[in-house]
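Structural characterization, general
If you want the building blocks of each chain, they are given just below.
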Amino acid sequence: MYLTRFRFNAARTGARRLLTSPQMLHAAVMSSFPDAPPTPDGGPRVLWRIDYNSAAEVLLYVTSPARPDLTHLVEQAGWPTAEPQGWSTYDYATFLTGLSADSVWAFRLTANPVHSIRRKEGEPTKRTAHRTPRYQIEWLLKQQDRGGFAIVEKAPEARRLERGDEYELAVGGARGLSFSKNSASSVMNSPSFGNNSASSGKDSSANRGSSGSRGSSAAAGRNAVRIAAVTYQGRLRVTDPEVFRLRLASGLGKAKAYGCGLMTLAPVV
């Protein structure tokens, strides 16, 4: 496994175009590999995330089973003539192997917290986003046991509220993403990014309808992709290193093809 960091030149048109289009950025990330990376169900896969640290510091993080080549991103959205190459790649596998039980880490995660509801008896369930911080936090807490980690609890005297301030955890940066699977398919087959559509998984599949027909309107509704992403920051304790390693490599939650699910760790200062 590898962890890669790339800094966007936010003043460039190419960078702004990628940052406002999750399907284009997905295509660009997947085109960083000469062979289409696998997307195994539950196994290590390509994950990516955008961190908006400031207007001038916008970072792309990628974890992947294979080492990526981001030359095309540097040319379109970075500093092509700067030294060094424009991105940094680290040996992530060694870091994962070194994780131990009861170690405490600061973390950041952008995720798509959703739940399934049924509005009427007999109807199929529908995936719906959690919109409030309370339920977004509850969603993350439900990931703990199967994720091999536990969010660190605050000491009672450090809590500012009787309810809702029990954990060393903050959630924010909510943003809605909406686009058509058809447009995602077009981007994946664009000569600018090659054709890695086979690796994009079911999130990027598309059914094309004929334009101007009633059927095409219905198809457009079915092909609409809507993602409510939020960013979590806090501290966690590793409870099961083996399970936690797999969760870091495979991602948390849905919409992993579109910038959700990647958790990164940092030493607690």
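Quantities reported herein were computed from a predicted structural model and do not represent experimental measurements.

Notes on the environment of Ala 170
By the element assignment, Ala 170 lies in strand β9 (residues 169–180). Between the C-alpha atom of Ala 170 and that of Thr 231, which follows or precedes it by 61 residues, the distance is 8.3 Å.

Digging into the packing of aromatic side chains
Going through the model one piece at a time under the given rule, you end up with five aromatic pairs. Seen in terms of ring centroids, Phe 6 and Phe 8 are 5.0 Å apart; in terms of plane orientation they differ by 85°. Their pairing is edge-to-face. In this pair, the class of Phe 6 matches that of Phe 8, namely buried. Ring centres of Phe 149 and Phe 244 lie 5.9 Å apart, and the angle between their planes is 55°; this geometry places the pair in the tilted category. Within this pair, whereas Phe 149 is found in strand β8 (residues 149–151), its partner Phe 244 is found in helix α9 (residues 241–250), the two being separated by 95 residues in sequence. Note on accessibility: Phe 149 and Phe 244 belong to one class, buried. By the ring-pair criterion, three or more aromatic residues cluster together here, those being Tyr 92, Phe 95 and Trp 105.

Some details on the pattern of salt bridges
Two side chains with opposite charge may pair up if their charged atoms get near one another. Tallied over the full model, the rule gives seven salt bridges. The closest approach of N and O atoms between Arg 237 and Asp 102, which form a salt bridge, is 3.3 Å. Linking Arg 237 in strand β10 (residues 224–238) with Asp 102 in the loop between α4 (92–97) and β5 (104–111), this pair joins segments that are 135 residues apart in sequence. When the shortest N-O distance is used, the salt bridge between Asp 165 and Lys 154 registers 2.6 Å. Of this pair, Asp 165 sits in the loop between β8 and β9 while Lys 154 sits in the loop between β8 and β9, and the two are eleven residues apart along the sequence. Taken together, the shared-partner salt bridges in this structure form one network comprising Arg 49, Asp 51 and Arg 108.

Observations concerning the confidence of the model for the protein
Mean pLDDT over the protein works out to 83, with 84% of the residues at or above the 70 mark. Scored below 50 in pLDDT, residues 184–216 makes 59 contacts in the model with residues more than four places away or belonging to other chains.

Things to note about the sheet that holds strand β2 (residues 47–52)
Read from one edge of the open sheet, four strands run β2-β3-β1-β4, paired in antiparallel fashion. The sheet terminates laterally at β2 and β4 (87–91), the two strands that pair on one side only. Direction aside, neighbouring strands of the sheet carry axes that sit 15° apart on average. Where strand β1 (residues 2–8) lies against strand β3 (residues 58–64), seven bridges are found, and the strand directions are antiparallel. Bridged to Leu 3 within β3 is Thr 63. Sitting on the sheet, helix α2 (residues 22–30) touches β1, β2 and β3, and the angle it makes with β2 is about 125°.

Some points on helix α5 (residues 133–142)
Among all positions in α5, only Gln 136, Ile 137, Trp 139 and Leu 140 are buried. Projection of α5 onto a plane perpendicular to its axis shows the buried side chains occupying an angular sector of 150°, all on one side. Against β5, β6 (114–117), α6 (144–147), β8, β9 and β10 lie the buried residues of α5.

What about the nonpolar core?
Of all hydrophobic cores here, the largest spans 29 residues; its most connected members are Phe 107, Leu 140, Tyr 232, Leu 236, Phe 244, Met 263 and Leu 265. Excluding its chain neighbours within four sequence positions, the residues that come into contact with Leu 140 are Phe 107, Leu 109, Phe 149, Ile 151, Leu 169 and Tyr 232. Within the second largest apolar cluster, 22 residues are counted, among which are Phe 6, Leu 18, Ile 50 and Val 74.

Observations concerning α9
Turning to α9, its buried residues are Pro 241, Phe 244, Leu 248, Ala 249 and Ser 250. Buried positions along α9 lie against β2, α4, α6, β8, β10 and β11 (263–267). Just downstream of α9 lies Gly 251, where phi reads positive at about 95°.

Brief notes about the environment of Thr 125
Mapped onto the fold, Thr 125 is located in the loop between β6 and β7 (126–129). Each C-alpha atom, one on Thr 125 and one on His 115, is 9.5 Å from the other, the two residues being ten residues apart in sequence.

Rules used throughout
Note that residues are indexed from 1 along each chain, following the sequence as it is written. In keeping with the predicted nature of the model, local features appear solely for residues at pLDDT of at least 70, side-chain atom pairs appear and are counted solely at 80 or more, and the whole-chain, interface and lining totals rest on all residues. The side-chain figures draw on all heavy atoms in the structure; neither hydrogens nor water molecules are used. Comment: elements are numbered from the N terminus, with helices defined as DSSP H or I runs of at least four residues and strands as E runs of at least two. Any two rings among Phe, Tyr and Trp, with Trp reduced to its six-membered ring, count as a pair given centres within 6.5 Å; such a pair is stacked if its planes are under 30 degrees apart, edge-to-face if over 60, and tilted if neither. Residue exposure (1.4 Å probe, protein chains only): buried if accessible area is under 20% of the type maximum, exposed if over 50%, otherwise partly exposed. We define a salt bridge as a contact between a side-chain nitrogen of Lys or Arg and a carboxyl oxygen of Asp or Glu at a distance within 4 Å. Values of pLDDT, ranging from 0 to 100, describe the predictor's confidence in every residue of the model. Residue contacts are counted whenever heavy atoms from the two residues lie within 4.5 Å of one another. Criterion used throughout: strands pair if DSSP finds at least two bridges between them. For helices, the fitted line uses only the C-alpha atoms of the stretch in contact; every axis is such a line through C-alpha atoms, and the angle between N-to-C directions lies from 0 to 180 degrees. It is the directions from the helix axis to the C-beta atoms whose arc is reported. As used here, the term nonpolar core means buried Ala, Val, Leu, Ile, Met, Phe, Trp, Tyr and Cys residues forming a set that is joined through side-chain atoms within 4.5 Å.

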